[in-house]
Amino acid sequence: MQNQLFIQNSLTRKKELFKPISEPNVGMYVCGPTVYSDVHLGNVRTFLSFDIVFRYLKFIGYKVRYVRNITDVGHLVGDGDEGEDKIAKKAKLDNIEPMEVVQKYTNGFHSVMRLFNIQDPSIEPSATGHIMEQIEMIQEIIKNGFAYESNGSVYFDVKKYNATHDYGTLSGRNIEDLISNTRELDGQSEKRDSLDFALWKKADPHHLMRWNSPWSVGFPGWHLECSVMSTKYLGEKFDIHGGGMDLKFPHHECEIAQNVGSNGKSPVNYWIHGNMLTVNGKKMSKSEDNGFTPEELVTGNHKLLEKGYSPMTVRFFMLQSHYGSTLDFSNEALQAAEKGYKKLVNALKTLKKLKPSENSSVHVTELKNKCYAAMNDDFNTPILISHLFEGVKIINSIHDGSASINDENLIGLNKLMDEFTYDVLGFTTESSSSDGNVLDGLMELVIDLRKQSREDKNWSVSDKIRDQLAQLNIKINDSKEGSTWNHEE
RNA sequence: GGUCUCGUGGCCGAGCGGUUAGGCAGUGGUCUGCAAAACCAUCUACACCAGUUCGAAUCUGGUCGAGACCUCCA
């Protein structure tokens, strides 16, 4: 299979043919969560987007090292530099150890990832585990003249950097605009210029998370960890860097500056940015109070939710849009996705029961090529899904007897549908219980009894069986060949 | 204010110069003891105004509207 994968590169704003630095290996870094609170659905969308990238790269034969960090220190809270560490602040509020906060929300993050069947990265490094490396990178940057110490803190000298390099290429900004638009928040700052950003911050006496450094007892700046950990695990130059759109500036811009400032190399060939999940057109975020946790989503226990939705329904809902577009949340859209997903899943079950015939009115190769083409075009999952629904139509038509399929095409169709549904899109069958055999036997008996009552035209009994099973989320489907059932979660 | 993005049918969302996107909902059939499911058929579109072109949802200019970033955020 010759795959020409094209990726929308934020750096060039063009769709480019993907060529890894060292075939067949691919290095990919994605900015992970800051573990100071529960992740909400908007966060999930980004990690899901890159789950698809990870899965598809592997699917077409690449060997991927996927690094996704855990930010457990360093994000400042409040205005400018006078804020405090987000995790330390949370620790004070909850009256627990900072690392306890980190552990709690890291665990929570992992269980959410599992809930949505988002695969683990190859390496999940944490910022606090790389303090030494961060100090070393700061020293390099200082040595190269792009950073200065001020009162125990170290700042990146953006103006000086910009004199020999372009600052702002990724986000399409120029330094003059940035200077003229700086807000009046910095006050009595230690920084030489408002654009400068911290590489190391001296800790005030109350600050809980602190480490020794050549400059002060303090903590690393909030953009540094990604530069350090991507370099450590993927090298000074690697293939893909991903993250949410909202990280493009300043976070990713600073990352590039730090890498260039320390080793002279722009680190990433392909920058990929996922777009935001919106609610009534506005970005989902904690401050807007329009976010909800996955638990609330599943139970429906939130003012924005009319009912609960299963994780796979949500996955389907998100993958029906392209990662680069905003996606607007609504109950209506979720409910439509729920039905659509069910239709797909049911067809996959039907597929397993299809019998081949001599002639084939369907040809799988063309459909298969279209599926690959969709994913090769910047991971276009909505197009892929539309093609899978073409497959659904084929499956149901064969089942209905209005189409036929031969052995070869049936094998091909099975492979195609399974691979793209489960491997590429990462859907998973939600209710696979260990006592499935008992249930199967039981249902066979029930359906047989119902069949007899139907033959006797004893409709009250047959309808009672059907209705009561429905209450247990077991749905009976009658057809010419007899009745089938499935259990819906 | 600066930079950028977007405005598609009842809803969600692809497409980005000429072909039915797709899902959900609606309508009419087929099937069924009834229903559900499924199948077949079918109705609603490209914010507005001008321009380029044989041809524009798709390109250009303008108008209006929405959003993101510029401060932590996926």
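Remember, it's a predicted structure, so these values are computed and weren't measured experimentally. (Residues numbered from 1 in each chain as written. Chains lettered and ligands numbered in written order. Predicted model: local features only at pLDDT ≥ 70, side-chain atom pairs only at ≥ 80, totals over all residues. Heavy atoms only, no water.)

## Regarding the overall build of chain A
Inference 1: In terms of regular secondary structure, chain A is built from 16 helices and 17 strands.
Inference 2: Each of the three principal axes of chain A carries a C-alpha extent, and together these read 90 × 50 × 35 Å.
Inference 3: Classification of the 489 residues of chain A by burial places 51% in the buried group.
Inference 4: Taking all contacts inside chain A whose residues are at least 6 apart in sequence as the whole, residues at least 24 apart take part in 74%.
Inference 5: Here chain A displays about 23,200 Å² of accessible surface, and carbon together with sulfur accounts for 48% of that area.
Inference 6: Of the side chains in chain A, 55 bear a positive and 67 a negative charge, and the two mean positions are spaced by 3 Å. (Helix = DSSP H or I, 4+ residues; strand = E, 2+ residues; numbered from the N terminus. Buried < 20%, exposed > 50% of the residue type's maximum accessible area, 1.4 Å probe, protein only. Contact = heavy atoms within 4.5 Å. Areas by Shrake-Rupley, 256 points an atom, 1.4 Å probe, with all protein chains shown as cover. Lys, Arg positive; Asp, Glu negative; His and termini not counted. Charge placed at Lys NZ, Arg CZ, Asp CG, Glu CD.)

## A closer look at the sheet that holds strand β3 (residues 25-30)
Inference 1: The sheet built from 4 strands is open, its strands ordered β4-β3-β11-β12 with parallel pairing. Because the sheet does not close on itself, it has two edges, and the strands there are β4 (63-68) and β12 (268-274). Between one strand axis and the next, the sheet turns through 20° on average, direction left out of account.
Inference 2: Bridge analysis of β3 against strand β11 (residues 238-244) gives 3 bridges, and the strand direction is parallel. Across the sheet, Met28 pairs through a bridge with Ile240, a residue of β11.
Inference 3: Of the strands in this sheet, β11 and β12 are in contact with helix α8 (residues 248-263), which crosses β11 at around 155°. (Pairing = 2+ DSSP bridges. Axes fitted to C-alpha atoms, helices over the stretch in contact; angles between N-to-C directions.)

## Overview of the packing of helix α7 (residues 224-234) against α8
Inference 1: Put simply, α7 and α8 touch, their axes get as near as 8 Å, and they point 55° apart. Compared by their axis directions, α7 and α8 come out oblique. Here α7 runs over α8; the crossing is right-handed. Of the residues in α8, those touching α7 at Leu224, Cys226, Ser227 and Thr231 are His251, Glu255, Gln258 and Asn259.
Inference 2: For the contact of α7 with α8, the per-class residue count stands at 2 nonpolar, 5 polar and 1 charged. (Parallel < 35°, antiparallel > 145°, perpendicular 65-115°, else oblique. Left-handed = near helix turned anticlockwise from the far one by under 90°. Nonpolar A, V, L, I, M, F, W, Y, C, P; charged D, E, K, R; others polar.)

## Considering the nonpolar core
Inference 1: In this structure, Leu41 and Leu413 are the most contacted members of the largest nonpolar core, which totals 91 residues.
Inference 2: It is helix α1 (residues 41-59) that provides the largest number of residues to this core, a total of 10 residues.
Inference 3: Residue-level mapping places this core at the junction of two domains, with at least three residues from each of domain 1 (21-274) and domain 2 (278-430).
Inference 4: Judged by nonpolar contacts, the second largest core, of 35 residues, contains Ile175, Leu234, Val268 and Trp271. (Core = buried A, V, L, I, M, F, W, Y, C linked by side-chain atoms within 4.5 Å. Domains from an automatic or database assignment.)

## What to know about the packing of aromatic side chains
Inference 1: As enumerated under the stated definition, the model contains 20 aromatic pairs in all.
Inference 2: When the ring of Phe54 is compared with that of Tyr66, the centres are 4.8 Å apart and the planes differ by 55°; the resulting orientation is tilted. You can see Phe54 sitting in helix α1 and its partner Tyr66 sitting in strand β4, a full 12 residues away along the chain. Per residue, the accessibility class of Phe54 equals that of Tyr66, and both read buried.
Inference 3: Taking 5.1 Å as the distance between ring centres and 45° as the angle between the ring planes, the aromatic pair formed by Tyr341 and Phe427 counts as tilted. (Phe/Tyr/Trp six-rings, centres within 6.5 Å; stacked < 30°, edge-to-face > 60°.)

## Digging into the side chain of Arg45
Inference 1: Along the chain, Arg45 turns up in helix α1.
Inference 2: For the buried Arg45, no salt bridge is present, and the opposite-charge side chain at shortest range is Asp328, 9.5 Å distant.
Inference 3: A distance of 3.0 Å separates the side chain of Arg45 from the backbone oxygen of Met276, its partner in a polar contact.
Inference 4: With near-sequence residues (within four places) excluded, Arg45 lies in contact with Asn275, Met276, Leu277, Met318, Ser321, His322, Tyr323, Ser325, Thr326 and Leu327. (Salt bridge = Lys/Arg side-chain N within 4 Å of Asp/Glu carboxyl O. Polar contact = N/O pair within 3.5 Å; in protein donor to acceptor, adjacent residues only side chain to side chain.)

## Overview of the domain arrangement of chain A
Inference 1: The domain architecture assigned to chain A consists of domain 1 (21-274), domain 2 (278-430) and domain 3 (433-487).
Inference 2: A straight line from the C-alpha centre of domain 2 to that of domain 3 covers 27 Å.
Inference 3: The partner domain 3 presents 4 residues to the 4 residues of domain 2 that form the contact.
Inference 4: Of the roughly 280 Å² buried between domain 2 and domain 3 on both sides combined, carbon and sulfur atoms contribute 33%.
Inference 5: On the domain 2 side of the interface with domain 3, the three residues burying the most area are Lys349, Lys353 and His399, jointly 73% of the side's total.
Inference 6: Here domain 2 is connected to domain 3 by 0 salt bridges.
Inference 7: Summed over the shared surface of domain 2 and domain 3, the number is 0 residue pairs in polar contact (both at pLDDT 80 or more). (Buried area = accessible area lost by both parts, 1.4 Å probe.)

## Some details on the sheet that holds strand β14 (residues 282-283)
One key point about sheets: their strands pair by backbone hydrogen bonds, in either a parallel or an antiparallel sense.
Inference 1: Reading across the sheet, the 3 strands line up as β14-β13-β15 and stay open at both edges, with mixed pairing between neighbours. Of all strands in the sheet, those bounded by a partner on one side alone are β14 and β15 (327-329).
Inference 2: Looking at chain direction, strand β13 (residues 277-279) and β14 are connected through 2 bridges and run antiparallel. Bridge pairing links Val279 to Lys282 in β14.

## What to know about α7
Inference 1: Burial within α7 is extensive, with 9 of its 11 residues counted as buried.
Inference 2: Listing the buried residues of α7 in full gives Leu224, Glu225, Cys226, Ser227, Val228, Met229, Ser230, Thr231 and Leu234.
Inference 3: Backbone geometry just after α7 places Gly235 at a positive phi near 100°.

## A closer look at the pairing of strand β16 (residues 474-479)
Inference 1: Of the strand pairs in this sheet, β16 and strand β17 (residues 482-487) are connected by 6 bridges, and their pairing is antiparallel. Counterpart to Asp478 in the pairing with β17 is Ser483.
Inference 2: The turn joining β16 and β17, which pair antiparallel and follow one another in sequence, is formed by 2 residues.

## A word on the side chain of Asn9
Inference 1: For Asn9, the position within the fold is in strand β1 (residues 6-9).
Inference 2: Residue classification places Asn9 among the buried positions, given a relative accessible area of 1%.
Inference 3: Within the local environment of Asn9, its side chain forms a polar contact with the side chain of Glu16, the two groups lying 2.9 Å apart.
Inference 4: Among the polar contacts made by the side chain of Asn9, one reaches the main-chain carbonyl oxygen of Asn269 at a distance of 2.8 Å.

## Thoughts on the state of the cysteines
Inference 1: Taken as a whole and judged by the stated rule, the model has 0 disulfides.
Inference 2: In this structure Cys226 is a free cysteine whose sulfur lies 3.9 Å from that of Cys31, the closest cysteine sulfur available. (Disulfide = S-S within 2.5 Å.)

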